[in-house]
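Observations on the model geometry
Chain by chain, the residues run as shown.
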Amino acid sequence: MVAFTIDLAADARQWADTADGDRALIYWVLASLMVAEERITTEFSGLVGAHGSEEEATFLATQQVDEARHMQFYARYQDEVVADPAAISAHVNRAREQLSPAFEAIFDGALVQAHEQLIAAPHDLAAKTRFVTIYHLILESALGLTTFNFVTAYLDREQVLPGFVEGYSKIHHDETRHIGYGIWFLRETVRDHPEQGDTVRQTLRDPLPSVAESLAPPEGGSDFDALGVSGGDVRTFALGGLTRRLKLIGVPIESL
Ligand SMILES: [Fe+2]
Ligand SMILES: [Fe+2]
């Protein structure tokens with residue numbers, strides 16, 4: 001299993017030698033990923049329960065396993081590279097100290113609320129559409145793909161933390177599969193039930209400011225100097241991806 005087979009020895013040596021500024025930035029990235037994967041693993045089962053076909057149930061069950069393995073990989077990274085071994089909850093609690101109110105608004109607010117509503121009403125198409133919009137379109141696409149793009153570009157350029165880059169790249173491969181499901185589900189739903197286009201629009205409007213904010217490292221505000229890119233580059237990338245995906249779904253961004 002990927003979570004336990006990637007060699008992290010070089011990362012552990014490099015971590016000890018990393019300059020303070022770089023270390024703080026990477027620590028923040030790791031904290032974001034640790035908390036994100038914990039939330040994404042534990043706030044998901046409602047969607048498996050809300051499956052339509054057996055094929056959809058099968059896919060969603062494999063996604064849940066992927067997310068649990070992603071969480072295990074980041075916990076192992078904390079154990080072996082960053083800190084002393086601890087339970088996943090201790091890593092998550094420590095990581096949470098790094099994160100912004102905007103991050104909490106999305107992962108503890110919008111996601112948790114949408115998941116609770118889906119568990120309460122698994123046959124409610126609007127509840128399922130809302131959940132997939134938040135989970136697959138906002139968290140996995142707008143936040144996840146953007147973070148992956150700029151963080152791995154930075155680490156490749158710096159030639160550091162090869163174990164992290166290898167694990168994160170394999171995780172990214174899974175994530176593109178998950179996002180494919182989300183786009184499929186939303187496209188079919190909007191095609192067969194055009195009124196659900198409004199559910200997608202309403203769900204996207206509120207969290208978008210928090211999404212832009214939670215992409216920014218805490219110290220620099222909206223400034224990404226440490227990663228060698230500008231806040232504008234990051235927003236352009238995130239918005240470009242969202243625009244393409246919304247077009248595929250049949251809810252063009254101009255209609256928001
Ligand atoms: Fe994941
Ligand atoms: Fe995922």
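Structure's up top.
Here is what the cut-offs are and how they apply
Residues numbered from 1 in each chain as written. Chains lettered and ligands numbered in written order. Predicted model: local features only at pLDDT ≥ 70, side-chain atom pairs only at ≥ 80, totals over all residues. Helix = DSSP H or I, 4+ residues; strand = E, 2+ residues; numbered from the N terminus. Rg over C-alpha atoms; globule rule 2.2 N^0.38 Å. Buried ≥ 20, exposed ≤ 12 C-beta atoms within 10 Å, placed from the backbone. Arc of directions from axis to C-beta. Contact = placed C-beta atoms within 7 Å. Core = buried A, V, L, I, M, F, W, Y, C linked by C-beta atoms within 7 Å. Axes fitted to C-alpha atoms, helices over the stretch in contact; angles between N-to-C directions. Parallel < 35°, antiparallel > 145°, perpendicular 65-115°, else oblique. Nonpolar A, V, L, I, M, F, W, Y, C, P; charged D, E, K, R; others polar.

**Remarks on the overall build of the protein chain**
Looking only at helices and strands, one finds 12 helices and 0 strands in the protein chain. Ordered by position from the N terminus, the helices and strands of the protein chain form the series α-α-α-α-α-α-α-α-α-α-α-α. Against the compact-globule benchmark of 18 Å for 256 residues, the protein chain has a radius of gyration of 18 Å, which places it among compact chains. For the C-alpha atoms alone, the extent of the protein chain along its principal axes is close to 55 × 35 × 25 Å. When the 256 residues of the protein chain are sorted by exposure, 37% land in the buried category.

**Thoughts on helix H6 (residues 88-96)**
Every buried residue of H6 is accounted for by His91, Val92 and Ala95. In an axial view of H6, the angular spread of the buried residues amounts to 100°, which keeps them on one side of the axis. Across from the buried face of H6, at angles greater than 90 degrees, the exposed residues are Ser89 and Asn93. Its buried side turned inward, H6 meets helix H3 (20-42) and helix H5 (54-82).

**A closer look at the nonpolar core**
Residues Leu30, Met34, Tyr74, Tyr77, Leu111, Phe131 and Ile134 are the most contacted members of the largest nonpolar core, which totals 57 residues. For this core, the secondary structure elements donating two or more residues are H3, H5, H6, helix H7 (101-120), helix H8 (125-158), helix H9 (162-192), helix H10 (196-205) and helix H12 (231-249). It is H8 that provides the largest number of residues to this core, a total of 11 residues. With residues near it in sequence (within four places) discarded, leucine 111 still touches Arg39, Glu43, Ile106, Ile134, Tyr135 and Leu139.

**Overview of the environment of alanine 10**
For alanine 10, the location among the structural elements is in helix H2 (residues 9-17). By the C-beta count within 10 Å, which is 14 here, alanine 10 ends up partly exposed. When the C-alpha atoms of alanine 10 and glycine 163 are compared, they prove to be 7.4 Å apart, with 153 residues separating the residues in sequence.

**Some remarks on the packing of H3 against H7**
Helix-helix packing: each pair is described by the crossing angle between the helix axes and the interaxial distance. At their nearest, the axes of H3 and H7 sit 11 Å apart, and the two run at 5° to each other. When the axis of H3 is compared with that of H7, the two are roughly parallel. Contacts between H3 and H7 involve Ser32, Val35, Ala36 and Arg39 from the first element and Phe103, Phe107 and Leu111 from the second. Class assignment of the residues belonging to the contact of H3 with H7 gives a composition of 5 nonpolar, 1 polar and 1 charged.

**Quick look at unusual backbone geometry**
Within the chain, glutamine 159 stands out as a residue other than glycine whose phi angle is a positive 60°. Along the chain, glutamine 159 falls in the loop between H8 and H9. At leucine 161, a residue that is not glycine, the phi angle is positive and equals roughly 50°. Relative to the helices and strands, leucine 161 resides in the loop between H8 and H9.

**Looking at the environment of leucine 139**
Locating leucine 139 in the fold gives a position in helix H8. Leave out the neighbours within four places in its chain, and leucine 139 touches Ile40, Leu111, Ile134 and Gly144.

**Considering the packing of H9 against H10**
With their axes 7 Å apart at the nearest point, H9 and H10 run at an angle of 130° to one another. If you check the angle between H9 and H10, you find them oblique. Across from Leu186, Thr189 and Val190 in H9, the residues of H10 making contact are Gln196, Gly197 and Val200. Taken together, the residues of the contact of H9 with H10 break down into 3 nonpolar, 3 polar and no charged.

**Considerations on the environment of lysine 170**
Tracing the backbone shows lysine 170 in helix H9. Spatially, the C-alpha atom of lysine 170 lies 28 Å from that of lysine 128, the residues being 42 residues apart in sequence.

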